[in-house]
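Each chain, letter by letter, is given below.
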Amino acid sequence: MKIKIADLEFEPLISEKSIIERTTAIGQQLNADYQNSIPVFVGVLNGSFLFIADLIKQIDRPCEIAFTKLASYYGGTTSKLKIRDDIDLIMDIKDRDVVIIEDIVDTGNTVHYLIDKLKQRNPSSIAVCSLLLKPAALLSPIAELKYVGFEIENEFVVGYGLDYQEMGRNLRDIYKKV
Ligand code: 5GP
Ligand code: MG
Ligand code: MG
């Protein structure tokens, strides 16, 4: 079913059921990969709030969770090359295994920016886990991107945390712009 948010129309792309299945599988992968560590999951607000909430429930060993807030799209439907750094990560990540949790990697600018910033704080490792990836939009490879939920076309999506003009984050499924 098509939906309307502000001036744009959207149609279903990824169902809640598929999201839950993929999130469960990624959680199991993380459990295996971090079995000898207490990882720190760093959620990038706002977009990743539902994904990190569901993902963390799949983790069956001790872990920590922290947040940072970055913005790139603010309002429109295309990535801004300039990143707005709204809330810094407060937790000390020296000698920790960090897993950045993103809603979507588009040009990759936001994630590159955050990786560079966090590396200066000397964590033992940094990996990136993103629910969505637009391979055709990626400007340069991200070696740390180890976990991806779904690869999608170069299209604008909303739902399950992702917004259009701050709306649509509450949708259970992911929709694409018609
Ligand atoms: P990048 O810096 O990789 O170009 O973009 C990263 C950020 O832009 C994402 O974390 C997300 O907040 C926003 N973004 C990128 N693509 C989309 C999209 O298709 N829909 C929405 N709602 N936000 C997007
Ligand atoms: Mg994001
Ligand atoms: Mg946004």
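Residues numbered from 1 in each chain as written. Chains lettered and ligands numbered in written order. Predicted model: local features only at pLDDT ≥ 70, side-chain atom pairs only at ≥ 80, totals over all residues. Heavy atoms only, no water.

Under the annotation held in an unreviewed UniProt entry, the protein chain carries the name Hypoxanthine phosphoribosyltransferase and is attributed to Mucilaginibacter lappiensis. As recorded by UniProt, the Sequence similarities (unreviewed entry) comment attached to the protein chain reads in full: "Belongs to the purine/pyrimidine phosphoribosyltransferase family." Comment text from UniProt for the protein chain, heading Cofactor (unreviewed entry), reads "Mg(2+)". (UniProt positions renumbered as here; feature names shortened; annotations may be inferred.)

(A) Local environment of the coordination of the magnesium ion (ligand 2). With distances of 2.3 to 2.4 Å, the protein atoms coordinating the magnesium ion (ligand 2) are Glu102 (OE) and Asp103 (OD). Residue Glu102 is classed as buried on the basis of its relative accessible area of 5%. For Asp103, a relative accessible area of 11% puts it in the buried group. (Donors = N, O, S within 2.8 Å, 3.2 Å for Na, K, Ca; no water. Buried < 20%, exposed > 50% of the residue type's maximum accessible area, 1.4 Å probe, protein only.)

(B) Quick peek at unusual backbone geometry. Omega for the peptide link from Leu45 to Asn46 comes to 0 degrees, which places this bond in the cis form. Considering the arrangement of structural elements, one finds Asn46 in the loop between strand E3 (40-45) and helix H2 (49-56). The backbone of Ala6 sits at a positive phi, close to 50 degrees, despite the residue not being glycine. Looking at the element boundaries, Ala6 is found in the loop between strand E1 (3-5) and strand E2 (8-14). (Helix = DSSP H or I, 4+ residues; strand = E, 2+ residues; numbered from the N terminus.)

(C) Just H2, in detail. Those residues of H2 lying buried are Phe51, Ile52 and Leu55. End-on view of H2: buried residues confined to an arc of 95 degrees, all on one side of the axis. Residues of H2 that are buried in the fold lie against helix H1 (16-33), E3, strand E4 (64-71), strand E6 (97-105) and strand E7 (125-133). (Arc of directions from axis to C-beta. Contact = heavy atoms within 4.5 Å.)

(D) Quick peek at the packing of H1 against H2. The contact between H1 and H2 brings their axes to 9 Å, and the two run at 60 degrees. Taken as axis vectors, H1 and H2 run oblique relative to one another. Crossing handedness for the pair H1 and H2: right-handed. For the pair formed by H1 and H2, the contact residues are Thr23, Ile26, Gly27 and Leu30 on the first element and Phe51, Asp54 and Leu55 on the second. The class makeup of the residues in the contact of H1 with H2 is four nonpolar, two polar and one charged. (Axes fitted to C-alpha atoms, helices over the stretch in contact; angles between N-to-C directions. Parallel < 35°, antiparallel > 145°, perpendicular 65-115°, else oblique. Left-handed = near helix turned anticlockwise from the far one by under 90°. Nonpolar A, V, L, I, M, F, W, Y, C, P; charged D, E, K, R; others polar.)

(E) Just the sheet that holds E1, in detail. Pairing is antiparallel in the open sheet, where four strands are placed in the order E1-E2-E10-E9. The sheet is open, and its two edges are formed by E1 and strand E9 (157-158), each paired on a single side. (Pairing = 2+ DSSP bridges.)

(F) Representation of the site of ligand 1 in the model. Neighbouring ligand 1 are 18 residues; Ser79, Thr107, Thr110, Val157 and Asp163 lie closest to it. In the environment of ligand 1, an oxygen atom lies 2.9 Å from a nitrogen or oxygen atom belonging to the backbone of Asp106. The separation between an oxygen atom of ligand 1 and a polar main-chain atom of Gly108 is 2.8 Å. Contact with the protein chains hides 92% of the accessible area of ligand 1, taken as 510 Å² for the molecule alone. Looking at the shell around ligand 1, the elements with two or more residues in it are E6 and helix H3 (109-119). The element best represented in the shell around ligand 1 is E6, accounting for four residues. Per-class residue counts for the shell around ligand 1 are six nonpolar, six polar and six charged. (Near = heavy atom within 4 Å. Polar contact = N/O pair within 3.5 Å; in protein donor to acceptor, adjacent residues only side chain to side chain. Areas by Shrake-Rupley, 256 points an atom, 1.4 Å probe, with all protein chains shown as cover.)

(G) Focus on the sheet that holds E6. Pairing within the open sheet is mixed, and its six strands lie in the order E5-E4-E3-E6-E7-E8. Whereas interior strands pair on both sides, the edge strands pair on one side only; in this sheet they are strand E5 (84-87) and strand E8 (145-151). Each strand of the sheet is rotated relative to its neighbour by a mean of 25 degrees, with strand direction disregarded. Sheet analysis places E3 next to E4, joined by six bridges and oriented parallel. When the sheet's bridge partners are listed, Val44 is paired in E4 with Thr68. Strand contacts of H1: E3, E6, E7 and E8, with the helix running at about 165 degrees to E8, the strand carrying the most contacts. Across the sheet, H3 is in contact with E3, E4, E5, E6 and E7; its angle to E6 comes to roughly 165 degrees.

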